[in-house]
Amino acid sequence: MRMYLDLSEAELAEYQSRQGDPADFDEFWAGTVGQARAAAHPAIVTEAVPQLSTVTLYDVTFTGFAGQPVKAWLRLPADADPAHPLPAVVQFVGYGGGRGDAIENLLWASAGYAHLQMDTRGQGSGWSRGDTPDEGASGPQVPGVMTRGIDSRDTYYYRRLITDAVRAVDTARDLEVVDASRVAVLGASQGGALALAAGALHEGVAATVARVPFLSDFPRASVITDDYPFKEIGDYLAIHRQKADAVMATLQYFDSVNFARRGRVPALFSVGLMDPITPPSTVYAAYNAYAGEKQMSVWRYNGHEGGGPDDDLAALAFLADRLPRVAPEGP
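Residues numbered from 1 in each chain as written. Predicted model: local features only at pLDDT ≥ 70, side-chain atom pairs only at ≥ 80, totals over all residues. Heavy atoms only, no water.

Caption draft 1: Region of interest: the packing of helix H7 (residues 230-239) against helix H8 (residues 244-251). Contact geometry for H7 and H8: axes closest at 10 Å, N-to-C directions at 150°. In terms of orientation, H7 lies roughly antiparallel with respect to H8. Between H7, through Ile 233, Tyr 236 and Leu 237, and H8, the contact on the second element is made entirely by Ala 244, Val 247, Met 248 and Leu 251. Here the contact of H7 with H8 is built from residues that sort into 7 nonpolar, no polar and no charged. (Axes fitted to C-alpha atoms, helices over the stretch in contact; angles between N-to-C directions. Helix = DSSP H or I, 4+ residues; strand = E, 2+ residues; numbered from the N terminus. Parallel < 35°, antiparallel > 145°, perpendicular 65-115°, else oblique. Contact = heavy atoms within 4.5 Å. Nonpolar A, V, L, I, M, F, W, Y, C, P; charged D, E, K, R; others polar.)

Right, dumping it as structure tokens:
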């Protein structure tokens, strides 16, 4: 267990990131997402093996960045009926992980939601399996994906992954069994960063759950923690010393702070005040910048695990209020 190594709680509540907000941020992302949608093909959905008695499992392939194939799992309550479309949760995975196995992560389908869990391109060998390659350009990089293609916003790894996340929301909303007006995005760490990005970029997201979100406040995060994955940035710049300004200019387009500044839907955050991986000040940087309705679960004695099952319970309650499982009746 680590002790507090960051700002005090009072300072965290007031902290504002110094991350710049590029004038062409919105144009860049509109163009990137538009290109992916123009290259999109209908998702391929097939039953997965094995099947369970209370949850139906599907293997999904959809098109993400530049029309490239991305895997996902779709988990539905066994009694799901297109005549009564369901609210949906689109979930993104933490750093190093992939979509795992179809029979894992049954909470959201068991709670009555359609649950689409996106795979993570080029990851999925750290702690859970993945099935999606990363087809993007690269160059010299530190092991991991934090510096893959980092010399340009156009080639940076997270341009591809964030676009995949937006397209995952498109895919969920296109499913016959899903009510497109009741779709939430959710994730922890890297998954929380993707939820903030998709919630800001996709006009059809109704709520966001971002637990201990990563990719936030690069100017501070890159100099206050020795823990990975943020440390990959420092390792890269320790060798490529002359590239610091260019790297920080690239990262402005992918910082959770800048997506939070564009947040408009209700959002639930969480933070562990003893977290060395996403230091509390970096989480608060995104939370304090978030422009929509928001609330924060604070875990004073926890690290990167945050609230664990207590975060699950909080998310269930949060989404039950905002994505009712029975669609409201019309006038």
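Caption draft 2: Examining the layout of surface pockets more closely. Of the volumes computed, that of the largest pocket is approximately 310 Å³. Considering the residues around the largest pocket, the lining is formed by 20 residues, among which Gln 91, Val 93, Asn 105, Gln 117 and Trp 127 are closest to the centre. Those elements that provide at least two residues to the lining of the largest pocket are strand E4 (86-92), helix H3 (107-110) and strand E6 (178-188). It is E6 that contributes the most residues to the lining of the largest pocket, 3 residues altogether. Its residues placed into classes, the lining of the largest pocket shows 7 nonpolar, 8 polar and 5 charged. Of the volumes computed, that of the second largest pocket is approximately 240 Å³. Taken together, 13 residues form the lining of the second largest pocket, with Ala 188, Ser 189, Val 212, His 304 and Glu 305 sitting closest to its centre. (1 Å grid on protein atoms, 1.4 Å probe; cavity = no way out; pocket = protein on both sides within 12 Å on 5 of 7 lines; lining within 4 Å. Points joined across faces, edges and corners; volume = space filled by probe spheres on them.)

Caption draft 3: Summary view of the pairing of strand E8 (residues 267-272). Where burial is concerned, most of E8 is hidden: 6 out of the 6 residues are buried. Summarising the sheet, strand E7 (residues 207-211) and E8 pair through 4 bridges and their orientation is parallel. Paired with Arg 211 across the strands is Ser 270, a residue of E8. Strand direction decides the pairing type here: E8 and strand E9 (residues 294-299), joined by 6 bridges, are parallel. (Buried < 20%, exposed > 50% of the residue type's maximum accessible area, 1.4 Å probe, protein only. Pairing = 2+ DSSP bridges.)

Caption draft 4: Spatial organisation of the pattern of salt bridges. Here the structure, examined in full by the defined rule, presents 22 salt bridges. Between Arg 262 and Asp 26 there is a salt bridge whose closest N-O contact spans 2.6 Å. Within this pair, whereas Arg 262 is found in the loop between helix H9 (256-260) and E8, its partner Asp 26 is found in helix H2 (residues 25-38), the two being separated by 236 residues in sequence. With its nearest N and O atoms 3.2 Å apart, the salt bridge here joins Arg 99 to Asp 59. One end of the pair, Arg 99, is in the loop between E4 and H3; the other, Asp 59, is in strand E2 (residues 55-63), with 40 residues separating them in the sequence. The same class applies to Arg 99 as to Asp 59, namely buried. (Salt bridge = Lys/Arg side-chain N within 4 Å of Asp/Glu carboxyl O.)

Caption draft 5: Representation of empty space enclosed by the protein within the structure. A complete count under the given rule lists 3 cavities of 30 Å³ or more for this structure. The volume enclosed by the largest cavity comes to roughly 40 Å³. Tyr 4, Asp 6, Leu 7, Ser 8, Glu 9, Leu 12, Leu 273 and Pro 280 together form the lining of the largest cavity. Considered class by class, the residues forming the lining of the largest cavity number 5 nonpolar, 1 polar and 2 charged.

Caption draft 6: Spatial organisation of the pairing of E7. Most of E7 sits inside the fold, with 5 of its 5 residues counted as buried. Covered by surrounding structure in E7 are Ala 207, Val 209 and Arg 211 together with Thr 208 and Ala 210, the residues of both alternating faces. Pairing between E6 and E7: 5 bridges, direction parallel. In the sheet register, Leu 186 faces E7, and the bridge partner there is Val 209. Read as a crossover between parallel neighbours, the route from E6 over helix H5 (residues 190-201) to E7 is right-handed. (Right-handed = clockwise from strand over helix to strand, strands pointing away.)

Caption draft 7: A look at the sheet that holds strand E5 (residues 114-118). What the 9 strands build is an open sheet, ordered E1-E2-E3-E5-E4-E6-E7-E8-E9; its pairing is mixed. Each end of this open sheet is capped by a strand with a single partner; those strands are strand E1 (44-47) and E9. Sheet twist, expressed as the mean angle between neighbouring strand axes with direction ignored, is 20°. Here E1 pairs with E2 via 4 bridges, running antiparallel. Bridge assignment links Glu 47 to a residue of E2, and that residue is Tyr 58. H5 rests against E4, E5, E6, E7 and E8 of the sheet, and its axis sits at about 145° to E6.

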